[in-house]
Amino acid sequence: MDFNRRTFIQVAAGGTAGILFTPVIWKTLDDISIWSQNWGWIPKLNRGNVAEKATYSKMCPAGCAAKVKSVKEFPYATVGNEANTITKGGLCPLCLSGVQMAYSPSRVRTPLLKTAENQYKEISWDEAMSIMVEKIGAVRKKKNAFGVISGDITSSTNEVLSALCRSLNSNAYYLMPSDARTELFVWNSFLGGSGQPAYDFADVDFGLFLGADVFESWGAAVAAKEARALTPDATYMYAGSVQTRTASIGDWLPVQNDKLTAFALGLAFHILRAGKRSGTSDFAQFRTFIQEKYTPIAVEREIGIGEKEMEAIAKRLLAAKKPLVVAGSSFSQGGTSTAFVASVVLNRLLETAAFGVIPEAPTVVKNAMKRSELAAQDIMQPIIQGTNFPEVIITYEANPFYGLPALRNAVEVFQHSFVISMSTYLDETAEKADLILPANHPYERHDDSYAPFGTGLVNYNIVTPTMNSGIDAKTPGDIVLSLAKSLNVDLVFANMQEIVEAKTKALGATSSELMQGLAFTKPANKVPTKTILGALLLKTATIKENGKKGKYSLAPQFLLNIGTVSLATPPLNLITIRDTELSYNDMFVAMCSTTAKELSVMQGDKVRVSSKVGEIVAKVNIAESVMPGVITAPIGLGRTAWDHFTKGKGANLFNVIEVVTESGTNMNVWEYPAVNIAKV
Amino acid sequence: MEENKKEKTCKCKLFATCKCCKYLPFFIGFLVTLGFGWLIFPNLMLTDKEQPVWFSHKVHVEEQGEPCETCHYFNEDGSFSGIPNTESCATCHEGSSYVADRVESESGEEGYVMPVETKRALDAETEYMEKYVETGKEVPWLVYQYQPDNVFFSHKAHESITCNTCHIVDGATNDNPVLQENKLTGYSKNTMKMAECESCHAEKGQSNACYVCHK
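The strand order β22-β23-β25-β24-β29-β21-β26 (chain A) describes an open sheet built from 7 strands, whose pairing is mixed. The open sheet has two edge strands, β22 (582–583) and β26 (630–631) of chain A, and neither has a second partner.

This model, assessed by the stated rule, comprises 27 aromatic pairs over all chains. The interplanar angle of 85 degrees and the centroid separation of 5.7 Å between the aromatic rings of F185(A) and F190(A) together place this pair among those described as edge-to-face. Given the relative accessible area of 25%, F190(A) is considered partly exposed. An aromatic cluster is defined as three or more aromatic residues linked by ring pairs; in this entry it consists of W187(A), Y199(A), W218(A), F355(A) and F453(A). For R639(A), the ring lying beneath its charged end belongs to Y402(A), and the centroid distance is 3.8 Å. The cationic tip of K156(B) hangs over the ring face of F74(B); the distance from NZ or CZ to the ring centre is 4.3 Å.

Let's shift gears to the pattern of salt bridges. All names here are of chain A. For the coordinates displayed, the defined rule picks out 32 salt bridges over all chains. Across the pair K67 and E52 runs a salt bridge, and its minimum N-O distance is 3.2 Å. One end of the pair, K67, is in strand β2 (residues 64–71); the other, E52, is in strand β1 (residues 50–57), with 15 residues separating them in the sequence. A salt bridge links K612 to E658; its shortest N-O distance comes to 3.1 Å. Taken together, the positions of K612 in the loop between β24 (606–611) and β25 (614–622) and E658 in the loop between β26 and β27 (660–663) put the pair 46 residues apart, joining distant regions of the chain. Through salt bridges with shared partners, a single ionic network connects K58, D152, E397, R445 and D447.

One widely used convention gives an interface's size as the accessible area the parts lose upon coming together. Residue and element names in this part refer to chain A. The domain architecture assigned to chain A consists of domain 1 (5–38), domain 2 (50–97), domain 3 (112–180 + 384–491 + 511–523), domain 4 (201–353) and domain 5 (542–679). In this complex, domain 2 contributes 18 residues to the contact, which on the side of domain 3 involves 26 residues. Here domain 2 meets domain 3 over a buried area of about 1700 Å², counting both sides, of which 59% is carbon and sulfur. Among the residues domain 2 hides against domain 3, the three largest losses belong to Y56, K58 and I86. Together they make up 36% of the total. The interface formed by domain 2 and domain 3 contains 2 salt bridges. The partner of K58 in a salt bridge is D152, with the nearest N and O atoms 2.7 Å apart. Scanning the region where domain 2 abuts domain 3 turns up 11 residue pairs in polar contact (both at pLDDT 80 or more). Those elements that place two or more of their residues in the side of domain 2 that touches domain 3 are β1, β2 and β3 (74–80).

Another aspect to go through is the nonpolar core. All names here are of chain A. In terms of nonpolar packing, the biggest core is built from 143 residues, with F201, F263, F286 and L435 touching the most fellow members. Ranked by residue count, the leading element in this core is helix α8 (residues 260–273), at 10 residues. Excluding residues within four positions of it along the chain, F263 makes contact with L208, L210, A239, L253, V255, I303, I305, M310 and I313.

It is a probe the size of a water molecule, rolled over the atoms, that shows where empty space is left. Residue and element names in this part refer to chain A. Under the criterion given, the structure shown has 7 cavities of 30 Å³ or more. Lining of the largest cavity is provided by 45 residues; of these, P61, G151, D152, E397 and S566 occupy positions nearest its centre. Mapped by element, the contributors of at least two residues to the lining of the largest cavity are α6 (179–189), β14 (392–396) and β15 (418–423). It is α6 that contributes the most residues to the lining of the largest cavity, 3 residues altogether. Taken together, the residues of the lining of the largest cavity break down into 22 nonpolar, 15 polar and 8 charged. Looking at the second largest cavity, its volume works out to about 190 Å³. Lining the second largest cavity are 20 residues, with I153, A361, R371, Y450 and K503 sitting closest to its centre. Those elements that place two or more of their residues in the lining of the second largest cavity are α5 (157–167) and α13 (371–374).

Attention now goes to the packing of α8(A) against helix α12 (residues 337–349) of chain A. Residues and elements named next belong to chain A. Packing of α8 against α12 leaves a shortest axis separation of 9 Å and a crossing angle of 20 degrees. By the angle between their axes, α8 is roughly parallel relative to α12. For α8 against α12, the interelement crossing comes out left-handed. Across the interface between the two elements, T261, A264, L265, L267, A268, I271 and L272 of α8 pack against T338, A339, A342, V345, L346 and L349 of α12. Tallied by class, residues from the contact of α8 with α12 come to 11 nonpolar, 2 polar and no charged.

Attention now moves to the interface of chain B and chain A. Listed as interface residues are 28 residues of chain B and, on the opposing side, 29 residues of chain A. The junction of chain B with chain A conceals about 2500 Å² of combined surface from both sides, 61% of it contributed by carbon and sulfur atoms. Per-residue buried area on chain B facing chain A is highest for P25(B), D149(B) and L184(B); these three make up 21% of the total on that side. At the surface where chain B touches chain A, the tally comes to 1 salt bridge. For D30(A), the salt bridge goes to K193(B), with nearest N and O atoms at 2.3 Å. Counting across the interface, chain B meets chain A through 7 residue pairs in polar contact (both at pLDDT 80 or more).

What counts, and at which threshold
- Per chain, residue numbering runs from 1 following the sequence as it is written.
- As a convention, the first chain written is A and the first ligand written is 1, with the rest following in written order.
- Only residues with pLDDT of 70 or above have their local features reported here, since the model is predicted, and side-chain atom pairs are shown and tallied only from 80 upward, although totals for entire chains, interfaces and linings are computed over all residues.
- The side-chain quantities take in all heavy atoms of the structure and omit both hydrogens and water.
- The pairing criterion is simple: DSSP has to find at least two bridges between the two strands.
- Secondary structure elements are taken from DSSP: a helix is a run of H or I of four residues or more, a strand is a run of E of two residues or more, and numbering for both begins at the N terminus.
- We call Phe, Tyr and Trp rings a pair once their centres come within 6.5 Å, taking the six-membered ring for Trp, and we label the pair stacked below 30 degrees between planes, edge-to-face above 60, and tilted otherwise.
- Three exposure classes are used, based on accessible area relative to the maximum for each residue type with a 1.4 Å probe and protein chains only: buried under 20%, partly exposed in between, and exposed over 50%.
- Geometrically, a lysine NZ or arginine CZ counts as sitting over a ring once it is within 6 Å of the ring centre and also within 35 degrees of the ring normal.
- By definition, a salt bridge exists where a carboxyl oxygen of Asp or Glu is found within 4 Å of a side-chain nitrogen of Lys or Arg.
- All domain edges in this entry derive from an automatic or database-based domain assignment.
- Any two residues whose heavy atoms approach within 4.5 Å are treated as being in contact.
- Buried surface area refers to the total accessible area, computed with a probe of radius 1.4 Å, that the two partners give up upon joining, counted for both partners together.
- Identification of polar contacts relies on pairs of N or O atoms within 3.5 Å, with a donor-acceptor requirement for protein atoms, meaning one able to donate a hydrogen and the other able to accept it, and with residues adjacent in sequence counted only if both atoms are side-chain atoms.
- Side-chain atoms within 4.5 Å link the members of a nonpolar core, which is a set of buried Ala, Val, Leu, Ile, Met, Phe, Trp, Tyr and Cys residues.
- Throughout, the protein atoms alone are placed on a 1 Å grid, and a set of points is a cavity if a 1.4 Å probe fits but cannot get out or a pocket if it is open with protein on both sides within 12 Å along at least five of seven lines; lining residues have an atom within 4 Å of a point.
- Grid points are joined across faces, edges and corners, and a volume is the space filled by probe spheres set on the points.
- Under the convention adopted here, Pro, Cys and the residues Ala, Val, Leu, Ile, Met, Phe, Trp and Tyr are nonpolar, Asp, Glu, Lys and Arg are charged, and Gly plus all remaining residues are polar.
- Convention adopted: a line fitted to C-alpha atoms gives each axis, helices being fitted over their contacting stretch, and angles between N-to-C directions are expressed from 0 to 180 degrees.
- Angles are sorted into four bins: roughly parallel if under 35 degrees, roughly antiparallel if over 145, roughly perpendicular if 65 to 115, and oblique for all others.
- The hand of a helix crossing depends on one turn: near helix anticlockwise from the far one by less than a right angle means left-handed, and clockwise means right-handed.

Structure follows, in structure tokens:
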């Protein structure tokens, strides 16, 4: 056999055919495809030992007991802590994103000094401290020239800040607007109470909610939801302008938000008729007031609900073993006093064990303000007056440049102050502040939480550091303690850890249990008989309209997955926003078909929503879950700062929310702002 | 004339009468590559790798009576602990060395000759103690069934299946086999391929939807 060209071709052809019957080609192709999945720049999972550390996550207003999970000491997730008796393993959508937010691109990484509009210079902590000492030192002798805006009512950091405030000749301590602040103020100033109203959802068999989106965002929503899970036979009724998420799990009674007080007092009429009494000093006055003004005919005329239906609801309340009435603003701020007082009246007439009082926490920092004192000042007062606003102001866990009503006017007032923002993120306030101090993430600090608003027990949780993102940030309490020292103000404690330890001791809690994420709890007190029903307040408190009122009512919604005033939507939550709430950069306002017909708009049309203070543009979503004459949309969108995940998406409702004054209490309220709507 | 033609085309006497002889080069090429593809190529792509320390499952399970769950357990959240870390191993090994203690007690006996297996165990334990327990370093164990990051495998969901359906070592294994690593992909030869997962899922009536394994 010669080996010639023909033979070679034959061998090659045979070889080629043979190779096709082997794994060579197929296996190589398969291996190449797998190899291409493992190129160097593709991130790799960090496999290793999984551990978890307990803490109290303060991403949401009430906070959630949480465990931070890490692999090889790299935190990657937050899970609920089932051992905690308040949140019972539940976790809100914001705390769920807690770890991811620690790695957010919008974190403030170093102290920054504003040099011009939107221009900052990186400075050291020492330089930042010198600037603060200089600015605050210059005004320390002037009354109320130094001020604080706090967005976290539960932390002992308020003690440090308020003690510093007092030492600097100032009472200008403001809480960001919330239902918590409203209730504390009304309860302590008008109803003769002390401490904080307690709402114990455990074993509640009938809940009546007046505008408060209890199972979504009002108060301690996670605690309420977990309690509900243990009482599957309980029933609920939600009264309000919009069928909220809370309304979706019970009966929805469409009542305009501004008629909820009349609705509640109409129920009080039937409850009084059933023979219920209260031993308060103003009971007789109250009964006469109700019997005269809230007769079934008067109530039907005002809110359109007939006597039989009202009586049936009252009977449900009377028949319940543990009923609970909760009132609140649809977006947990700007509420009137009257709806809250009416809910207190109902709870007291029903003598329900679900309503009680949480006493003030003992203060451990000398000269510190109690919670009721923190709530005494209304931030909107100096803003509306445009005078007596502090010259130097520190913001702590607060974002007033995003979340104050009539925002444009509010921001103008700040122009004359030197604003120091202690912030974890480059939010709207930080972006406009004169000095930005990087606060560490809530999972990186020592902190605590005493009785979040909406809880039903005396409760205390501590925050222990569970991660370190490596950013040069500090605990806000520690920053203030250093500042106080530099200003020669002796606040005794060296850091927040010492304050938390002292608070633990003062409350009689066990440190080792708190460290494991267990809550210190005690039953709430019964409502003292010395408190009153608020008959006089109900008689006198009315809304004073400033000029011509808009034709439509705006009922904003506070949805925790979208975020809060001080926390923009976490990137992980963006997929939970419905396409009827936000589509690309367009926000939707929902209205029913009757309202849409009146406005001659259709689904997806653009409308301009305006008021005396500003306007926004949004698309129309037609939904029959909104009463005629009402529009609704979520707060938390329309960010002008933060990161590319959230910036510029939707519109900020605070731009159109107008503030009105409630006579009788002289409170500034914006619970049901009036707006005009026009097709664009 | 006919014979002359045969001689001209084929000088091979053995196949002088074979009509297929003209296809012989094709068959040779075919067989050579077939042999290469099935016999040589698979091993050509693999590198043999030894475990960093000799470890006997048999010693731990059969001799020490430890159940598998002592080291390979489910966490509270259902995740699988996998291979124990040095800290876990040290809870038994630190301070007291099992093999060394045994040798010490037995070596006092008259005429004691250390068995080969005991010597190997003693050497391995000594090496393990010195290199890892005392330094606190993790042992870079080689995993025979290491799945890529884009595969979400839950041991909890597969709890009812015996371990060695997928794993090549079990409680009776005395010598951990050599890991054959693919030079191109870096994965073990024993890493289960998607087709095998799908086949088992299909047999057991489980979903083969993408999201079941790829989150």
